[in-house]
Each structure stands twice: as C-alpha cells, then as structure tokens.
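# Structural features, examined
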Amino acid sequence: MNDFFILMKSEWVVTLIIFVLLFFKIGRGIRNEVALPLIQILLLVNFIAGFFFNQAGHLFGNMFETTGLIILEKNILNLGVYLISLLFADWFLKSRNLLEFFILMLSALLGMFLMISSGNLLIFYLSLELATIPVAAMANFDLDKKQSSEGAMKMILSSAFSSGILLFGISLLYGTTGTLSFAQLPHQLDSGSAIQIMAFIFFIAAFAFKLSVVPFHLWTADVYEGAPFPGAAFLSVISKGSVAFILITVLYKVFQPMGDLWYLLLVILSILTMVIGNFFALRQQNIKRFLAFSSIAQVGFILLGMSSNDGFGVTAVVYFVLVYIFSNLAAFGVASVIATHTGKENIEDFKGLYQTNPFLSWMLALALFSLAGIPPTAGFFGKFFLLTAGGARASYGYIIIAALNLVVSLYYYLKVVRAVFMDKNEHPVPKIRTYPSVKFGLLICGAGILLAGVLSWIYDYIHALS
Amino acid sequence: MNLIFLLVIPLLTAIGVLVSRNKSQVRWIALVGSVVQLGFAVALLMAFREARLTDGMAPVLFEQNHALFEPLHIHFHLGVDGLSVAMILLTSFVLVAGVLVSWNIEKMTKEFYFQLVLLALGAFGFFMSLDLFVLFFFLEISVIPKYLLIGIWGSGKNVYSANKLALMLMAGSALILVGILGLYFASGRSFDILTIGNLNIPGHLQHIIFPLLFVGFGIFTALFPFHTWVPDGHSSAPTAGSMFLAGISMKLGGYGCLRIATFLLPLGAREYANWIIILSAIAILYGAFVTMMQKDLKYMNAYSSISHVGFSLLGIGMLTATAMTGSMLQMVSHGLMTALFFAVIGMIYDRTHTRMVGEMGGIMKVMPFITTILFIVGLCSLGLPGFSGFVAEMTLFIGSWQHTDAFHRIATVMATLSIVVTAVYILRAIGSTAMGPLKNEKFSELKDAAWNEKLAAFLLVGGIVAIGVAPEWLNDLLRPVADLIMKRLGGN
C-alpha cells in the first residue's frame, strides 16, 4: 500500500493539483490575478516534490514501473510545465478560462507521466490518449480565432488517425505474440516475421505522428499557428519530449530484436526530417510556423542520437530534451510577450527590437543560438552529444548530412537575429512591460542555456542513470 | 604557470565590461584586462623558455587535465607548446591593439567590447586546448561575436557579409565536427590530441578524415577556393573586427591544419600534400593578382591576406621541417602585420571617410605618423629584410627548395613570383595615397594619430621589428614543433 503512494508520487501530486484547480473552478471562481501566482506556486511545489521520496519499483503486475531515469524524465517535464506557467503569464492573465487551461495541461501531463512509466501496451495506449486529447482542446483555446479551431480540428483528426494505426499495430503484435507486456514482448518477437515487421512499422508511425517526424509532420505548422502560445509551446516541448522518452524505451527495450530494422528506419526518417524541416523553416514568416519547422528539424537530430542503441543514446536524448526545454521555451516566451502585447507574430515585426527591448532581444538571441547549436550555449553540447551518440554506428555520409543541416539551420536562426539586432525599423515594437514572472522565467531559461552545458555533472548524472 | 589564468582574465574582463556603468568605464576595463592578459602572455613566454631549458623536450608544457564529460572521455585538457605560446602572444598583442583603436566607438560601446573580448577568449582557449572537443568548443564560440561585430558595427554591405562569413565558417566547422568524430571513433573513443598523436589511425580512415579536417580548417584560413568570405567579411567589419578576423581568426585555421590535421593524420597529410601545394600556390598568385586590381584599401588587404596566408598553407604542404617553421613564422608575422594594416586603414578611414586609393593622395603632409606606419606595414608585407615578413618567407622558401623535384620547384618559384606582384601593388597603393600633392582640400584640416592609436601602432610595429631583427627567439619556439610533426610524419 505504501508503495502504491510512493511509486506513483508524481502522478498523485499532479492529480491533486488538478483537483485543487477544479475545486476553485466549481466554487466561486477566482480572478486571474490571484489564480496565476497560486498555480505557479503549486507547480513549483510539484517540481520540487519530484526530487524527494524517490524509489524505483513497479506496480500492478509490471503495468506501471518507475526507475531513476523515469523520475528524472518526469522532473524535466515538470520543470517545463512550471516554466510555461511563468513565461506565458501575460497571455494567461488575459485569458478568460485560465483554470481550465491549466486543468487540461496538467491532465495531459498526467497522461505523459503514465505513458513514460507504462510497462504494458494497454496502459501505454490509454495514457497516450490521455496525453493527446487535452492538448487538442488547448490548441483550440483562442476561441475567437478561426485558425485556432481549424488547427485543433486538424490535430484531433490526425491524432485519431495515428491512434487508429497504433491500435492496429498493437493488435497485430498481440495477435502474433500473445502478450502486451514490455517485459515479455522481446522474447516473443521474431525479426523475420513479416506480420510483426508490419505491426512494428504501424507502431512507429504513430510515434512519428506525435513527434511530427517527416512524412507525418503535416499537421504541425497549422496547429502551432492556430494554437495560443502556451499551447504551441507545450506541444512542441513537453509533448515531444515525453514521446521521445517513451520511444527510446520502447525501441531499446521492447523492439531490441528488431534493432537492425529500426536502425534503418531511424536513419531514413531522421535525414528526411532534418532536411525537410530545415528547408521549410527557411521560408517561414510567422514566428510560430518558423518555430514549428525548426522543432521538426530538431526532432531529426533526436532521432539521430536515438539510433545509437546504447546508453550514450539515452543520455544524449534526455540531455537534449532538457536543453531544448530551456531554449525553445525561451524563444516561444519572447515571441509570446511580443504577440500578446502588440498582436504581431511575424519575424518582420521583430525588426529593431533591440532598440526598445534589449533584454527580450538578448534572450531571444540566446535561445536561437542554442537551438542552432552555437557555443557557449547548451544547445551546442546537446547537438554534439547527439552526434557523438549516433556517430558510433553511422556512416560518414550520414553524419555529414547532419552536420550540413546545422549550417542550414544556422541560416534561418540568424535571419531572426538579424531582424532583431541589425535591421532598421522606423516603428519598432514599443517598450514592453511584462508581468514579473515572465522576466523570472526568461532568466531561468537563460541560466539554463548558459549553464546546462558547462556544468558537466548534469550530463554525468543522466548518464549514470541511463 | 597556470594556464587557467589566461582564460579567467578575458572572462573576468568580459563580465567587467558587462557590469560597468558608462562608456569610459567599459573602455578602461577592457584595456586593463587586455594589458594584464598581455602581461600574462609575456610571463608565459618567459616561463616556457625557462622550462624548455630545464625540462628538455616534452611535447607540451604546463599541462592540466580535468575530467569534463567523463562517460564520453572528454577532458578539459590544457597545455602549450611553442606554437601555442607564439599564438597566445600574438592574440594578446592584437587584443590590446584592437581595444586601443576602438577607443572612439560610440554605438553600443559595452556590447562592442564584450564581443571583442569574447572573440579573444575563444582564440586563447583554442590555442591551449589539447582535447578536440574543447578545441572545437572554443573554435565555435567565436561565431556569435564575429557575426554581431560585422552585422552591427560594420560598414558597407555588412549584413550580407556577416551572413556569408557565419555560414561559410559554420560549414567549415561542420566538416571539422565530422572529422573530429571520425578521429574519436577511430581512436577508440578519445578526444585527446596527445593520445591520438601516439596512435596510428588506419590509412583508409586517414584518407577520409584528413580532407574533412584540412578543408574544414582551411575554410577558416581562406584555403582556395573557399576564400570567398574573406574579402567581404574583412572589408565590412569594423576596424578591430578586421584586425581580429585577419590577424587571429584566420590563424585558428592554419593552426588547426598543422596541429590537428597534419599532426594527427600523417598518412593523410602525405597523401594529400600535393593538393595542398597546388591549392595554396593558386591562392598565393590569385590573391596577389586580384589585389593589384583593388581600389579599396580594405579589399586590398583582404585579398593580400589570402595570398599571404597561402604561404603558410604552402609551408604545411611542403612537409619539411624548415618549411613548416616558415609556415608558423608566417602565421605569427602575418597576424601582426595584417592587424597593423587594418588598424592603419581604419585610422585613415576615420579621418578621410574614404578607403579608395584614388580619392586620397598626399596625406603624408597632414598625417605623418599614420602614413609612416602605412609605409612600415607595406614594406613588411612585401618582405623587406628587417621586418617579420622577410624572415617568414625566407625560411619558407628555403624549406620548400629542399625538394629537388620539378613539381615542388615550380610551386616554389610561382610562390616567389608573387612577391614581385606584391611589391607592385603595395608601392603603387602607398605611393598614390601618401605622396604627391594633397588631393582633397578638406583633408588639410585632419589631425594625426591620437595617443591610443599611436600606442596600438607602436605595439604592433614593435612585434614586427622584434621578429624581423631577432628571429631566433621565435624560431626557438617554433622549430621543435615542426620537428615533432616531421618526426611523426616520418621524414626529414
């Protein structure tokens, strides 16, 4: 009984917070100005609680399992959610349904926790759905924008489609192996069986949808553009991070007998994803669409690191997601501040930003350089470790393609930096006074970007767990 | 001598610049920091010479090794050999001079000095690293400052140039990255330069990795045909930026070609040596002839840099100890000379607001000091004895001439021919700028160099003359490095 509470501690805390928020909602309701600091404190408590009473083990006949690495992954996601509550404060304060937004977000987070911890295909499927459906509602949260509903519709349809494919894959797997348990499956798998290979490919396709891997990326840009900033940020950082975590577990543990097959798949998918993500990002004007394609390209690098099939791959992916949370959230955060205060979402509107808002400009530049992988930012370390992990098995051609993609991505990140620092503008964005927590959140991100790489014990710690 | 100081001082300077309150504080903090750094660099030289006398011939001195990312065998491994000491000294000279000539920058002064110091920090770290990861980190750290320096403070089509430079150098870094990873896996997961330096990487891998590394570093040092960022970048950058780009950043590439590519991959170096010679001979001649056609002083110096840096690549390709010593001498000499050249051009431009040779004329009458410096640097550039350029080129040609076959002889002769071309364009440019009647009436009001500019000029001229008159001390530093590399290459 005691295990029941301790092992599922992260889930319990999140559930509790959801209930607290529901309680406020059903009761008299509270004003945004009061609710937001309260939520921020609750999420901070949630994040800090993640570091205590940690214990590895499993429950419900291996359906739910938790290890040091899984706890760390949950903490990383908690950090991301806490940062979202800080960074998008300006938008939250204007929002009419603040509490609902957080209830949805935390429900999705709960789904992700269960998904990461799952040890069985059934609970994996259920938690994946729990992690997806609230996000679609979040994407629809700009209620007076038509694009928002359109994006949400696209997301619902494509995720329903991918869930269908996933279920089909799962049922084929069950049919051929007679088990749903992650622990049993590898013994039953046969890399020569055509039907199991088909099942596996269906299975991976569903992951590819969630991670927006090319050619399953078509929904991404539209959904990001329509969704409110915190929704888009949640989708691009937290949601992708959690799916990357479970994908790596599934590939390394469950589908290990098919190692050669998925290595080939990952190579093809990652090259496609990098190249297409990058080349579409070159042409984007809207900052959200820009970040959408840039995040697609980043996923290509995650897949490259994943292809290593050893502990270095796990470490590199987890580390990269941590760095990515800092960098991408900072970029979304700055864009959101500007869009919320001025209604401008295009890169052109950022021209001359440095003249009026130096702090925001430096944070944006730092975030973009980190995404581009330029030192001293943590993004450099993240990319380098992904390449080092993937390089163990890869051919020179593969690594050269990846490295040249870094050059292409630098081009479009520099485009934004150029607009901010160099281009002249008669009427730049006026000086913006943000809600204090935004500045605090950006400072945390900035510190993370500058320190996560240099403080090498973070990497060593993750490696010790994986 | 603790090498960490040489990283901490620029770092503290950068932080000091960031927290300072007004422009004059920024300038003085930057100046004091860079002078202290120069002091430490000189102390390093002394300590190094002392240690060499007592310690004999260890390949690197003042080593320190801290675990950084232990699972990946990445270590924060620092150490210096003669070449590193010379380059660190060069970087400190250029840093002080760069801080001094930028004294009057009013636009975003704080940001400017911060970027400048960060650029220097990257160079210092690069020259001390003995771990490929750390080396790559410091190489890449300069991307942001270079881009912003040119894009924000530059002139002309600076945004275009900044983009071109950042992307081309990033492409170079991408190739280096692949090469480093290749070495890492070929050596059984080690990034350590000394460790890999004792291994024999299989020939078929060297065949792939060497061109990746050499071309990657070559892009940094304007290897033909990847030199196209040089003219645009150098001419658009602000004065101190050009000084750094040409004086230091291009040397990062040369250092990498020699210390990383050639030293670690001897078989690859032997295999591709003739290609290096062909490309660098083309660069030398092409650079010299294109320079003849230039009318803008900054473009002139940018193209002549391509030609001069070609010499140091030629020296590497020759694969003799003397030629390699010449190549390293050329790196140091060209670093000082080109920094001084850009400083002088900047001084002239600040006053006349033109860089066109045709629009100036007779400025010697109004700016005797600046014009004298222009003469000195011009004569050094064409290799007049008594200046550093002569020492470097002479050593290099002697080393090249040691090969008796026709191919090497022809390449050497072609390279020597470029000196004649250099003499033509240098004398013509300086003559029509400085001599004759004053072309523009407005110029008669102009003032000569201020204290900061004089100080910067003295510093760099001092370096040039010190090498030119007494090259032994530098030769003593560099020759053992060349011998070590040649020993690994298994030749004379």
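See the structure shown above.
Along each chain, residue indices are assigned from 1 in the same order as the chain's sequence is written. Here the convention is simple: chains get letters from A, ligands get numbers from 1, in the order in which they are written. Per-residue local features of the predicted model are confined to residues with pLDDT of at least 70, and side-chain atom pairs are confined, for both listing and counting, to 80 or more; whole-chain, interface and lining totals are unaffected and use all residues. Note: side-chain values were computed over all heavy atoms of the structure, leaving out hydrogens and water.

Take the overall build of chain A next. Secondary structure summary: chain A contains 21 helices and 2 strands in total. Over its C-alpha trace chain A gives a radius of gyration of 21 Å, about what one expects of a compact globule, namely 23 Å for 466 residues. For the exposure calls, accessible area comes from a 1.4 Å probe over protein chains only, and a residue counts as buried if that area is under 20% of its type's maximum, exposed if over 50%, partly exposed in between. Counting only residues that meet the buried cut, chain A has 64% of its 466 residues in that class. Sequence separation of at least 24 residues holds for 83% of the intrachain contacts in chain A that already meet a minimum separation of 6. The sign given to each residue is positive for Lys and Arg and negative for Asp and Glu; His and the chain ends receive no count. Think of each charge as sitting on NZ of Lys, CZ of Arg, CG of Asp or CD of Glu. Between the averaged position of the 26 positive side-chain charges in chain A and that of its 22 negative side-chain charges there is a distance of 8 Å. In DSSP terms, a helix is any run of H or I states spanning at least four residues, a strand is any run of E spanning at least two, and both are numbered starting from the N terminus. Note that the radius of gyration is over C-alpha atoms, with the globule rule given as 2.2 Å times the number of residues to the power 0.38. The criterion used for residue contact is that any of the two residues' heavy atoms lie within 4.5 Å.

This part is about the overall build of chain B. Along the backbone of chain B there are 19 helices and 2 strands. The globule rule puts the C-alpha radius of gyration for 492 residues at 23 Å, and the 21 Å found for chain B is close to it. Looking at chain B residue by residue over its 492 residues, the buried ones come to 67%. For chain B, long-range pairs separated by at least 24 residues make up 81% of all intrachain contacts whose partners lie at least 6 apart in sequence. Element-wise, carbon and sulfur atoms account for 68% of the exposed surface of chain B, whose accessible area totals about 15,600 Å². One finds the centroid of the 28 positive side-chain charges in chain B at a distance of 6 Å from the centroid of its 24 negative side-chain charges. Each accessible area is a Shrake-Rupley result for a 1.4 Å probe, and residues are judged covered by the shown protein chains and nothing else.

Two side chains carrying opposite charge are able to pair once their charged atoms lie near each other. Residues and elements named next belong to chain A. Salt bridges are counted wherever a side-chain nitrogen of Lys or Arg sits within 4 Å of a carboxyl oxygen of Asp or Glu. All chains considered together, the criterion is met by 17 salt bridges over all chains. Across the salt bridge formed by lysine 145 and aspartate 142, the nearest N and O atoms sit 3.8 Å from each other. Its relative accessible area of 15% is what places aspartate 142 among the buried residues. Salt-bridge contacts for lysine 154 lead to aspartate 222; the nearest nitrogen and oxygen are separated by 2.5 Å. Of this pair, lysine 154 sits in helix α8 (residues 146-177) while aspartate 222 sits in helix α11 (residues 220-226), placing them 68 residues apart in sequence. According to the relative accessible area criterion, lysine 154 is partly exposed, its value standing at 33%.

What follows is about the packing of aromatic side chains. Pairing of aromatic rings covers Phe, Tyr and the six-membered ring of Trp, with a centre-to-centre limit of 6.5 Å; geometry is then stacked below 30 degrees between planes, edge-to-face above 60, and tilted otherwise. Inspection of every chain in the model, using the stated rule, returns 67 aromatic pairs over all chains. Seen in terms of ring centroids, Phe23(A) and Phe24(A) are 6.2 Å apart; in terms of plane orientation they differ by 65 degrees. Their pairing is edge-to-face. In this scheme, Lys NZ or Arg CZ marks a charge over a ring once it lies within 6 Å of the ring centre and within 35 degrees of the ring normal. Lying over the aromatic face of Phe229(A), Lys288(A) brings its terminal NZ or CZ to 4.4 Å of the ring centre. For the cation-ring pair, Arg488(B) lies above Phe263(B), with the distance from its terminal atom to the ring centre recorded as 5.7 Å.

Attention now goes to the environment of Ala423(B). Residue and element names in this part refer to chain B. Inspection of the secondary structure assignment puts alanine 423 in helix α17 (residues 406-434). Using a relative accessible area of 22% as the deciding quantity, one classes alanine 423 as partly exposed. Considering only alpha carbons, one finds alanine 423 and glycine 233, 190 residues apart in sequence, at a separation of 25 Å.

Right, let's get into the environment of Ile462(A). Of note, Ile462(A) is situated in helix α21 (residues 456-465). Residue classification places Ile462(A) among the buried residues on the basis of a relative accessible area of 2%.

Here Asn278(A) lies in helix α13 (residues 259-281). Discounting residues that sit within four places of it in the chain, Asn278(A) has contacts with Thr273(A), Ala297(A), Asn405(A), Val408(A), Ser409(A) and Tyr412(A).

With that out of the way, let us pick up a nonpolar patch on the surface. All names here are of chain A. Taken together, the side chains of Leu450, Leu451, Leu455, Trp457, Tyr461 and Leu465 make up a nonpolar region of the molecular surface, amounting to roughly 550 Å² of accessible area. Of all the secondary-structure elements, those providing two or more residues to the nonpolar patch are α20 (436-454) and α21. With 3 residues, the top contributor of residues to the nonpolar patch is α21. Position of leucine 465 relative to the elements: it lies in helix α21. Residue classification places leucine 465 among the partly exposed residues on the basis of a relative accessible area of 30%. Each patch is built from residues that are more than 30% exposed by relative accessible area and take part in no salt bridge. Like charges join if they lie within 9 Å; nonpolar side chains (Val, Leu, Ile, Met, Phe, Trp, Tyr) join within 5 Å.

Accessible area lost when the parts come together is the quantity often used to give the size of an interface. Between chain A and chain B, the contact holds 37 residues from the first and 39 residues from the second. In terms of surface lost to chain B, no three residues of chain A exceed Phe384(A), Tyr396(A) and Met422(A), which account for 19% of the buried area on that side. Remark: the boundary between chain A and chain B carries 0 salt bridges. Here a polar contact means two N or O atoms within 3.5 Å. Within protein one must be a hydrogen donor candidate and the other an acceptor candidate, and residues neighboring in sequence count only if both atoms are side-chain atoms. Remark: the boundary between chain A and chain B carries 3 residue pairs in polar contact (both at pLDDT 80 or more). Those elements giving two or more residues to the side of chain A that touches chain B turn out to be α17 (358-372), α18 (378-391), α19 (396-421) and α21 of chain A. When two parts are brought into contact, each loses some accessible area as probed by a 1.4 Å sphere; the total of that loss over both is the buried area.

Residue and element names in this part refer to chain B. Lines fitted to the C-alpha atoms define the axes, with helices restricted to the stretch that makes contact. Angles between their N-to-C directions range from 0 to 180 degrees. Running from amino to carboxyl end, helix α13 (residues 297-318) crosses helix α14 (residues 321-352) at an angle of 170 degrees, the nearest separation of the two axes being 8 Å. One finds that α13 runs roughly antiparallel with respect to α14. Across the interface between the two elements, Leu297, Lys298, Asn301, Ala302, Ser305, His308, Val309, Phe311, Ser312, Gly315, Ile316 and Met318 from α13 touch Ala323, Met324, Ser327, Gln330, Met331, His334, Met337, Thr338, Phe341, Phe342 and Ile345 from α14. For the contact of α13 with α14, the per-class residue count stands at 13 nonpolar, 9 polar and 1 charged. Should an angle lie under 35 degrees it is considered roughly parallel, over 145 roughly antiparallel, and from 65 to 115 roughly perpendicular; all remaining angles are considered oblique. Any residue outside Ala, Val, Leu, Ile, Met, Phe, Trp, Tyr, Cys, Pro, Asp, Glu, Lys and Arg is labelled polar, Gly included; the first ten of those are nonpolar and the last four are charged.

This paragraph deals with the nonpolar core. Side chains that are nonpolar tend, in soluble globular proteins, to be buried together. We define the nonpolar core as a collection of buried residues of types Ala, Val, Leu, Ile, Met, Phe, Trp, Tyr and Cys that are connected through side-chain atoms lying within 4.5 Å of one another. Core analysis: the biggest nonpolar cluster contains 380 residues, and Phe385(A) and Phe133(B) have the highest contact counts within it. Ignoring any residue separated from it by four or fewer positions in sequence, one finds Phe133(B) in contact with Phe380(A), Phe381(A), Phe384(A), Phe385(A), Leu68(B), Phe69(B), Ile74(B) and Phe191(B).

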